[in-house]
Amino acid sequence: MESVSDIKKLIDSTPDDRLPSVIENYSNDERGGVIKLVEKAKSRYSKLLAEKERIYNLSEFERKYSDHNFICGIDEVGRGPFAGPVVAGAVILPKNCDILYINDSKKLSEKVRERLYDEIMEKAVSVAIGIVSPERIDEINILQATYEAMRQAVSKLDPSPDLLLNDAVTIPGVDIMQVPIIKGDAKSISIGAASIVAKVTRDRMMVDYDKEYPGYGFAQNAGYGTKEHRNALKRLGPCPIHRRSFIHDYV
């Protein structure tokens, strides 16, 4: 007879989607330790089923417009910071995408975002990024810069999308059918994927900028106007990646 510790090792090493067979194998074992392990396995599998249901619901718009071949989700990161670019992500996922745990990037930990970024880059039909500089933001304002970043991202996709799912906005100057969705990064798997790609891309850029322009805490605050960042502005003055139109009250 297998020991309880051996069964624990087996269950711990079994992927969640393969747990039903393990649960069945040990469901008649009357040892207290095994009963607890089986209950734990059932809980893990229930959570997997709940996540699959959540992802199915998150794909509502993708199913609604399934007659389109290449549905692109678009989202941006970095509209509010004092420093750094605004970054837009555009992602075309395959039909019936099976990537679990996609969500609004702000609701995910850095570790989960990084893991999902790699999976999205591996499985997506196409991914593209648009980046608009702080100088350009100051020149045309943040809303127009956001639209410009989104147009950049869409123009780089291959294949080209035939439908855009956007987080709340309608992008001017784009001759593709658009569906703006309020809080879309939490309602569309494609927009959620785009928000993750944009967030990870911009965060990595700000870590690099922190090395180039130390003292502002860019690696920690991503350019946002934290108390430490505002104090650094008063102490050091602005650096080349600061948005002058955003910081005139702090320098």
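Residues numbered from 1 in each chain as written. Predicted model: local features only at pLDDT ≥ 70, side-chain atom pairs only at ≥ 80, totals over all residues. Heavy atoms only, no water.

Visitor: Sorry, what's going on with the overall build of the protein here?
Guide: Helix and strand counts for the protein come out as 11 helices and 5 strands. With respect to the principal axes defined by its C-alpha atoms, the protein has extents near 70 × 50 × 25 Å. Buried positions account for 49% of the 251 residues belonging to the protein. A separation threshold of at least 6 residues defines the contact pool for the protein, and within that pool the share at least 24 residues apart is 66%. (Helix = DSSP H or I, 4+ residues; strand = E, 2+ residues; numbered from the N terminus. Buried < 20%, exposed > 50% of the residue type's maximum accessible area, 1.4 Å probe, protein only. Contact = heavy atoms within 4.5 Å.)

Visitor: What's the story with the sheet that holds strand β4 (residues 163-167) in this structure? I'm lost.
Guide: For sheets, the rule is that strands pair by backbone hydrogen bonds, running either parallel or antiparallel. Reading across from one edge, β3-β2-β1-β4-β5 is the order of the 5 strands in this open sheet, with mixed pairing throughout. The sheet terminates laterally at β3 (126-132) and β5 (178-181), the two strands that pair on one side only. Along the sheet, successive strands turn relative to each other by an average axial angle of 20°, direction set aside. Here helix α7 (residues 142-156) sits on the sheet and contacts β1 (71-77), β2 (86-92), β3 and β4; the angle it forms with β3, its principal contact strand, is near 150°. (Pairing = 2+ DSSP bridges. Axes fitted to C-alpha atoms, helices over the stretch in contact; angles between N-to-C directions.)

Visitor: It is not clear to me how the environment of Tyr209 should be interpreted in this structure. Could you clarify?
Guide: Along the chain, the position of Tyr209 falls in helix α8 (residues 189-212). Once the C-alpha coordinates of Tyr209 and Ala83 are considered, the two residues, 126 residues apart in sequence, prove to be 9.9 Å apart. Ignoring sequence-local partners within four residues, the contact set of Tyr209 consists of Pro85, Phe218 and Ile241.

Visitor: Whenever I open this one, the nonpolar core confuses me. Can you help?
Guide: Grouped burial of nonpolar side chains is what soluble globular proteins tend to show. Membership of the largest hydrophobic core comes to 25 residues, with the highest contact counts inside it found for Val91, Leu93, Ile99, Ile102, Ile120, Ile189 and Ile196. Mapped by element, the contributors of at least two residues to this core are α3 (32-58), β2, α5 (110-123) and α8. In terms of residue count, α8 provides more of this core than any other element does, 8 residues in total. If you look at the next biggest cluster of nonpolar residues, it comprises 22 residues, including Ile92, Ile137, Ile140 and Ile142. (Core = buried A, V, L, I, M, F, W, Y, C linked by side-chain atoms within 4.5 Å.)

Visitor: Mind showing me how you'd approach the environment of Cys97 here?
Guide: Its place among the elements puts Cys97 in the loop between β2 and α5. For Cys97 and Lys123, which are 26 residues apart along the polypeptide, the C-alpha to C-alpha distance reads 8.5 Å. What Cys97 contacts, discounting residues up to four positions off in sequence, is Ile55 and Ile189.

Visitor: What exactly am I supposed to notice about the pairing of β4 here?
Guide: Looking down a regular strand, the side chains alternate between one sheet face and the other. Counting buried positions over the 5 residues of β4 gives 5, a clear majority of the element. Strand direction decides the pairing type here: β1 and β4, joined by 4 bridges, are parallel. Note on β4: the bridge partner recorded for Ile74 is Asn166. As defined by bridge partners, β4 adjoins β5 across 4 bridges and the pair is classed as parallel. Its bridge partner being in β5, Asp167 is matched across the sheet by Ile181.

Visitor: How should I be thinking about the pattern of salt bridges in this particular structure?
Guide: The tally for this structure, following the rule as stated, stands at 15 salt bridges. Linking Asp185 and Lys106 is a salt bridge whose minimum nitrogen-to-oxygen distance equals 3.5 Å. Here Lys106 lies in the loop between β2 and α5 and Asp185 lies in the loop between β5 and α8, a separation of 79 residues in the sequence. Take Asp185: its relative accessible area is 6%, and that puts it in the buried class. When the shortest N-O distance is used, the salt bridge between Glu119 and Lys123 registers 2.8 Å. Placement of the pair is Glu119 and Lys123 together in helix α5, with a separation of 4 residues, close to one helical turn. (Salt bridge = Lys/Arg side-chain N within 4 Å of Asp/Glu carboxyl O.)

Visitor: Hey, could you run me through the packing of α5 against α8 in this one?
Guide: Helix-helix packing: each pair is described by the crossing angle between the helix axes and the interaxial distance. In the contact formed by α5 and α8, the axes pass within 9 Å of each other and the chain directions differ by 115°. Relative to α8, the crossing made by α5 is left-handed. Facing α5, whose interface residues are Arg113, Glu114, Leu116, Tyr117, Asp118 and Ile120, α8 presents Ala193, Ile196, Val197, Lys199, Val200, Thr201, Asp203 and Arg204. Considering only residue class, the contact of α5 with α8 consists of 7 nonpolar, 1 polar and 6 charged. (Left-handed = near helix turned anticlockwise from the far one by under 90°. Nonpolar A, V, L, I, M, F, W, Y, C, P; charged D, E, K, R; others polar.)

Visitor: Where do I start with the pairing of β1 in this structure?
Guide: Here β1 lies mainly inside the structure; 7 of its 7 residues are buried. Alternating positions in β1 separate into two faces, Ile71, Gly73, Asp75 and Val77 on one and Cys72, Ile74 and Glu76 on the other, with burial throughout.

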